[in-house]
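The chain contents come next:
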Amino acid sequence: MASGGSSPDVAIIGAGILGTSAAAFLTKAGASVLLADGVAIGAGASGRNSGAIQHPFDPVLARLYHRTIELYGDLTEATSSGGGGFRMPPEPAGVLLLSQTPGAVETILAGVEAEAPELSPAVLEGAILEAAEPILAPGVSACRLSTGYPVPPAGATSAYASLAGQRGASIRLGNRAALWVEDRTVRGIVVNGEHVAAGSVLVAGGPWSPAIVSPSGGWQPIVPIWGVNVGVELPARPRHVLEEAGVEHLAHSPLTRGDADESSFESAFSLVTVGRTSTLGSTFLPLEPDRDRLAPELKRRGSAFVPSLASSRIQSTRLCARPQSRDRRPLLGAVAGVDGLFIAAGHGQWGISTGPASAELVVDVILGRTSVPPELDPGRFGVPAIGEAG
Ligand SMILES: Cc1cc2nc3c(=O)[nH]c(=O)nc-3n(C[C@H](O)[C@H](O)[C@H](O)COP(=O)(O)OP(=O)(O)OC[C@H]3O[C@@H](n4cnc5c(N)ncnc54)[C@H](O)[C@@H]3O)c2cc1C
């Protein structure tokens, strides 16, 4: 792979966690890279998520999670000097999966013990739970899991972008990019009317990835699931990552309702705390909602688990979309039917927890070092109809 010429070896569309970490790994391997984002670094969910790195409750994704933890350790080392660095917490804070339904956490315990015993699940109730997490409402039970590293939501994405820049990646922000394809071979990308030749193109456009690959709309393996998050400051800081039991499955349920009025919308409680700010989440909606209308109801629902939320002041609201693939697993590797075109997208609610290992895998595919397992291969969704721009 020739490096150093005016045409990059790889052009990447999308500077979220997937695009920025891929840029960092490619430049480390000596490839020349152009990283293009239509808005900014971390403009999508990678800059606005809840900020919990945690086990994704899926054995295929769990491998990506464990490798991502290692990569975040490397990122911490690589960016420790100077400002804007990323810091991976040395130990997980622990996730408490919460329920007010009798027997629910025992069912979760049995499931996790069978599928992910490395999470050391344990039921906490009554006085033991009150001592472990005093801010919870009476009557709530918990299953504690040994995962959940709270981090600033945009931290890893910004740090990977800085690292890629230091390693020579060229970064272009503010103009949407399209594919430049001729005769089912990728020639590069088109940005702001300019054709930029590239040896390969990696699409890392989150929920917009199918529209980049197939502008006709004929290929839709990924859909947006919109989430509203609310920033609050609580009088006492939660010690754990808190989540309503069932949140791990909510993004997977068929969503038929597109509307989102103030009182009836799909949500699950979560609370992730970094420093003094807690991020309260979140909705799971197929259409983009009005975040300021839904935020007070999220706070009301959350107060059933953490009563002090009721009187907390809303400091900020964030809106972003999970790139949810149809089978809950990301699309990683070559796009079938187009030479030189690759994709890394479709991580749903686990992109911060599994993104860097996914990017590493795709980079190894681009560099001809490995192949992807069939359950992650984009070819499982068929051959897209490609827009032949240029
Ligand atoms: C409310 C919420 C909370 C979440 N919390 C967590 C969490 O706690 N832990 C976790 O692991 N995951 C979490 N996630 C999921 C995680 O944020 C996503 O899976 C991840 O950020 C997706 O990263 P990405 O790089 O694929 O896409 P994105 O972050 O969406 O990045 C895609 C980028 O592509 C750019 N783009 C799109 N089209 C074009 C184009 N044509 N040209 C140029 N640029 C383009 C966009 O501007 C954007 O910057 C959460 C998601 C939501 C919505």
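This text goes with the structure placed above it.
Residues numbered from 1 in each chain as written. Predicted model: local features only at pLDDT ≥ 70, side-chain atom pairs only at ≥ 80, totals over all residues. Heavy atoms only, no water.

A. Expanded view of the nonpolar core. Within the largest apolar cluster, 48 residues are counted, with the highest numbers of intra-cluster contacts made by Ile12, Ile53, Tyr72, Phe86 and Leu202. Not counting the four nearest positions on each side in its chain, Phe86 is found in contact with Ile53, Tyr72, Leu75, Thr76, Thr79, Val151, Gly155, Ala156 and Ala159. (Core = buried A, V, L, I, M, F, W, Y, C linked by side-chain atoms within 4.5 Å. Buried < 20%, exposed > 50% of the residue type's maximum accessible area, 1.4 Å probe, protein only. Contact = heavy atoms within 4.5 Å.)

B. Broad picture of the packing of aromatic side chains. Applying the stated rule across the entire model yields five aromatic pairs. Plain terms: the ring middles of Tyr72 and Phe86 are 5.0 Å apart, the flat faces sit at 40° to each other, and that makes the pair tilted. With Tyr72 in helix α2 (residues 59–78) and Phe86 in the loop between α2 and β4 (95–99), this residue pair connects regions lying 14 residues apart in the sequence. In this pair, the class of Tyr72 matches that of Phe86, namely buried. Ring geometry for Tyr72 against Tyr160: centres 6.5 Å apart, planes inclined by 35°, an arrangement best described as tilted. A residue pair is termed long-range when its members are at least 10 positions apart, and Tyr72 in helix α2 and Tyr160 in helix α5 (residues 155–166) qualify at 88 residues. Tyr160 shares its class with Tyr72; the two are buried. (Phe/Tyr/Trp six-rings, centres within 6.5 Å; stacked < 30°, edge-to-face > 60°. Helix = DSSP H or I, 4+ residues; strand = E, 2+ residues; numbered from the N terminus.)

C. Expanded view of the site of the ligand. Around the ligand, the structure places 41 residues, and the nearest of them are Asp37, Ser46, Ala52, Gly348 and Ser353. In this structure, Ala177 approaches the ligand through a main-chain N or O atom, which is 2.8 Å from a nitrogen atom. Relative to its unbound accessible area of 1,000 Å², the ligand is 97% covered by the protein chains. Within the residue set of the shell around the ligand, elements represented by two or more residues are α1 (17–28), β2 (33–37), β13 (222–232), β17 (314–325) and α9 (351–366). Grouping the constituent residues of the shell around the ligand by class yields 20 nonpolar, 18 polar and three charged. When residues are assigned to domains, the shell around the ligand turns out to be shared by domain 1 (10–78 + 154–221 + 328–381) and domain 2 (95–146 + 223–324), each giving three or more. (Near = heavy atom within 4 Å. Polar contact = N/O pair within 3.5 Å; in protein donor to acceptor, adjacent residues only side chain to side chain. Areas by Shrake-Rupley, 256 points an atom, 1.4 Å probe, with all protein chains shown as cover. Nonpolar A, V, L, I, M, F, W, Y, C, P; charged D, E, K, R; others polar. Domains from an automatic or database assignment.)

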